[in-house]
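Fold and geometry: a report
Okay, here's what each chain looks like letter by letter:
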Amino acid sequence: MEQPVKNMRVAVYPGSFDPVTNGHLDIIHRAAKVFDKLIVAVLNNTSKNPLFTLEERMELLRQSTKDLTNIEVDGFRDLLVNYMKQRQVHVIVRGLRAVSDFEYELQMASTNRKLSDEVETFFMTSTPQYSYLSSSIVREIAKFHGPVSELVSPEVEEALRTKFPSPPNKI
Ligand code: PNS
């Protein structure tokens, strides 16, 4: 007879999410089907100058994933492996959009493995329609008041409108 699954399968999906895009949401929705619980962990990176504060990024993630019940949004400002140890989670989920992502992702996964042999990185390839999409592309389009409705959730679109309210000055 099959034994009941004792432990919940939990994973951490870390990132900057400045802001969360439909590409991130694609990974979140698919990972939420694979794992019992997915912790979306937002890095509070003090060396970067993000468009959205940590609280704003977390709130936009919460609003954009409100249809999912097994998601927790959290913030961290430590080495990822330390955060994972503290949360007692052993799986990192990262999305791969293109071959160009691979080198950086391999470096990160290998570094995390070196720092902790308790951590495994699981890669999910992005759905092809999002393979070009990044938070920096979204910020760039929004800065010049271009259309982002197909790239982000309505909540993020609204938040971007607030950040970039008036058309740029003509030179
Ligand atoms: O969305 P991003 O910016 O590609 O996410 C990168 C992130 C946050 C996953 C990565 O920078 C990270 O884990 N930073 C925490 C510091 C750390 O643990 N560094 C060692 C691994 S390179």
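Everything discussed here concerns the structure shown above.
Since the structure is predicted, the reported quantities are computational estimates derived from the model, not experimental observations.

**A few points about helix H2 (residues 54-64)**
When we look at burial in H2, the residues that qualify are Leu54, Arg57, Met58, Leu60, Leu61 and Ser64. Seen along its axis, H2 keeps its buried residues to an arc of 160°; they face one direction. Looking at the buried residues of H2, the elements they touch are helix H1 (22-34), strand E2 (37-43), strand E3 (71-76) and helix H6 (154-163).

**Points about the pattern of salt bridges**
Note on pairing: side chains with opposite charge can pair once their charged atoms come close. A complete count under the given rule lists 15 salt bridges for this structure. One salt bridge connects Arg113 with Glu120, and the closest N-O pair in it is separated by 3.8 Å. Assessed through its relative accessible area of 37%, Glu120 is described here as partly exposed. The network of salt bridges with common partners includes Lys37, Glu72, Asp74 and Arg87.

**Here we look at the site of the ligand**
The environment of the ligand is made up of 13 residues, and the closest members are Ser16, Leu79, Leu80, Arg94 and Met108. In this structure, Leu80 approaches the ligand through a main-chain N or O atom, which is 2.8 Å from an oxygen atom. Where the shell around the ligand is concerned, the elements lending two or more residues are strand E1 (10-15) and helix H4 (99-115). The element contributing the most residues to the shell around the ligand is H4, with three residues.

**Examining the nonpolar core**
Ile28, Leu38, Val93 and Leu160 are the most contacted members of the largest nonpolar core, which has 35 residues in total. Put simply, the parts of the chain that give this core at least two residues each are E1, H1, E2, H2, E3, strand E4 (91-96), helix H5 (135-143) and H6. A per-element tally of this core places H1 first, with five residues. Setting aside chain neighbours within four positions, we find Leu38 in contact with Ala11, Tyr13, Ile28, Ala31, Ala32, Asn70, Ile71, Glu72 and Val93. Within the second largest apolar cluster, 11 residues are counted, among which are Val12, Val81, Tyr83 and Val89.

Reading the values: rules and limits
Residues numbered from 1 in each chain as written. Predicted model: local features only at pLDDT ≥ 70, side-chain atom pairs only at ≥ 80, totals over all residues. Heavy atoms only, no water. Buried < 20%, exposed > 50% of the residue type's maximum accessible area, 1.4 Å probe, protein only. Helix = DSSP H or I, 4+ residues; strand = E, 2+ residues; numbered from the N terminus. Arc of directions from axis to C-beta. Contact = heavy atoms within 4.5 Å. Salt bridge = Lys/Arg side-chain N within 4 Å of Asp/Glu carboxyl O. Near = heavy atom within 4 Å. Polar contact = N/O pair within 3.5 Å; in protein donor to acceptor, adjacent residues only side chain to side chain. Core = buried A, V, L, I, M, F, W, Y, C linked by side-chain atoms within 4.5 Å.

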